[in-house]
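Chain by chain, the residues run as shown.
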Amino acid sequence: MEFFIDTGDVEEIKTAAKWGLINGVTTNPSLIAKSGRKQADVIKEISEIIDGPISAEVIATDVDGMLKEASELAKIHDNVVIKLPLTEAGITVCKMLSDKGIKTNVTLCFSPNQALLAAKNGATYISPFIGRIDDIGHDGMALIEEIRTIYDNYGFQTQILAASVRHSTHVRDAAIVGADVATMPLNVIQKLFKHPLTDIGLETFLKDHQKSL
Ligand code: G3P
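Just so we're clear, the structure is a prediction, and the values are computed from it rather than from any experiment.

Asker: Looking at this structure, I do not really get the packing of aromatic side chains. What am I missing?
Answerer: Think of a pair of aromatic rings as described by two things: how far the centres are apart, and how the planes are tilted against each other in angle. Tallied over the full model, the rule gives five aromatic pairs. Taking 5.8 Å as the distance between ring centres and 70° as the angle between the ring planes, the aromatic pair formed by Tyr151 and Phe156 counts as edge-to-face. Under the relative-accessibility criterion, Tyr151 is labelled buried at 0%. An aromatic cluster is built from Tyr151, Tyr154 and Phe156, whose rings are joined through pairwise contacts.

Asker: What should I look at first to understand the sheet that holds strand E4 (residues 80-85) in this one?
Answerer: Sheet strands line up and pair through hydrogen bonds in the backbone, either parallel or antiparallel. Spatial strand order, E1-E2-E3-E4-E5-E6-E7-E8: eight strands in a closed barrel with parallel pairing. In this sheet, neighbouring strand axes are inclined to one another by 30° on average, regardless of whether the strands run parallel or antiparallel. Where strand E6 (residues 125-128) and strand E7 (residues 159-162) come together, two bridges link them in parallel fashion. Within the sheet, the bridge partner assigned to Tyr125 lies in E7 and is Gln159. Helix-sheet contacts for helix H3 (residues 39-49) involve strand E2 (24-26), strand E3 (54-57) and E4, and the interaxial angle to E3 is about 175°.

Asker: Help me out: how do you make sense of the layout of surface pockets in this one?
Answerer: When its volume is computed, the largest pocket comes out at roughly 390 Å³. Along its surface, the largest pocket is lined by 22 residues, and Asp6, Asn28, Leu31, Lys34 and Pro185 are the ones closest to its centre. The biggest single contributor to the lining of the largest pocket is helix H2 (residues 29-35), with four residues.

Asker: How should the packing of helix H6 (residues 112-120) against helix H8 (residues 140-154) be read in this particular structure?
Answerer: Axes are the key here: two packed helices are described by the angle between their axes and the distance separating the axes. Axis separation between H6 and H8 bottoms out at 9 Å; the angle between their running directions is 40°. The pairing of H6 with H8 is recorded here as oblique in orientation. Here H6 and H8 pass one another in a crossing that is right-handed. Residues Pro112, Ala115, Leu116 and Ala119 of H6 touch H8, and the partners they reach there are Leu143, Glu146, Ile147, Ile150 and Tyr151. Looking at the contact of H6 with H8 residue by residue, the class counts come to eight nonpolar, no polar and one charged.

Rules used throughout
- Residues numbered from 1 in each chain as written.
- Predicted model: local features only at pLDDT ≥ 70, side-chain atom pairs only at ≥ 80, totals over all residues.
- Heavy atoms only, no water.
- Phe/Tyr/Trp six-rings, centres within 6.5 Å; stacked < 30°, edge-to-face > 60°.
- Buried < 20%, exposed > 50% of the residue type's maximum accessible area, 1.4 Å probe, protein only.
- Pairing = 2+ DSSP bridges.
- Helix = DSSP H or I, 4+ residues; strand = E, 2+ residues; numbered from the N terminus.
- Axes fitted to C-alpha atoms, helices over the stretch in contact; angles between N-to-C directions.
- Contact = heavy atoms within 4.5 Å.
- 1 Å grid on protein atoms, 1.4 Å probe; cavity = no way out; pocket = protein on both sides within 12 Å on 5 of 7 lines; lining within 4 Å.
- Points joined across faces, edges and corners; volume = space filled by probe spheres on them.
- Parallel < 35°, antiparallel > 145°, perpendicular 65-115°, else oblique.
- Left-handed = near helix turned anticlockwise from the far one by under 90°.
- Nonpolar A, V, L, I, M, F, W, Y, C, P; charged D, E, K, R; others polar.

Put into structure tokens, the structure is as follows:
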């Protein structure tokens, strides 16, 4: 399973990059707005830190506008993946970009049928938002499982990128049901290291070591 960090904060990316666990980065317009910087500047700086896919999202909602933005974003770095919303225009542009060999991440996916459309049009990644589905009282992880079954039934190569990951249980369950990638905020990645028995065990080992000196 690949790990992406979901942030527009370059300092967070630097922190996570040190662990050697991060394969890529996802951003979205809300995360870029939080950074207070221009998207192009943020993406360029990220490309100097992480050598892996970096998702940058279009803002336009029409085909021509999306294509124009996609071509600008793709110029920033070869690792840029064009993030497109799961709309008629987004799915149309997904096919156009895939045909040209440009990588895409179809985002805001909330149903298996939406994921099927993205795969049929050659999306590199599909981003089901598990946390937001849980938020409305439905089962986000069931969606990942259903998409896994559909993609495996037909041999689709589109990678399932579990997004809107809020806690470590989401990561564990996404790994169990076979998501290809999980994109997570820094605080969730940090929690993956933690177990109270590790802390207690280490404390005991260090105390015992002192006795043996
Ligand atoms: O990048 C998309 C996604 O991960 C957003 O997560 O927590 O805003 O639902 P969240």
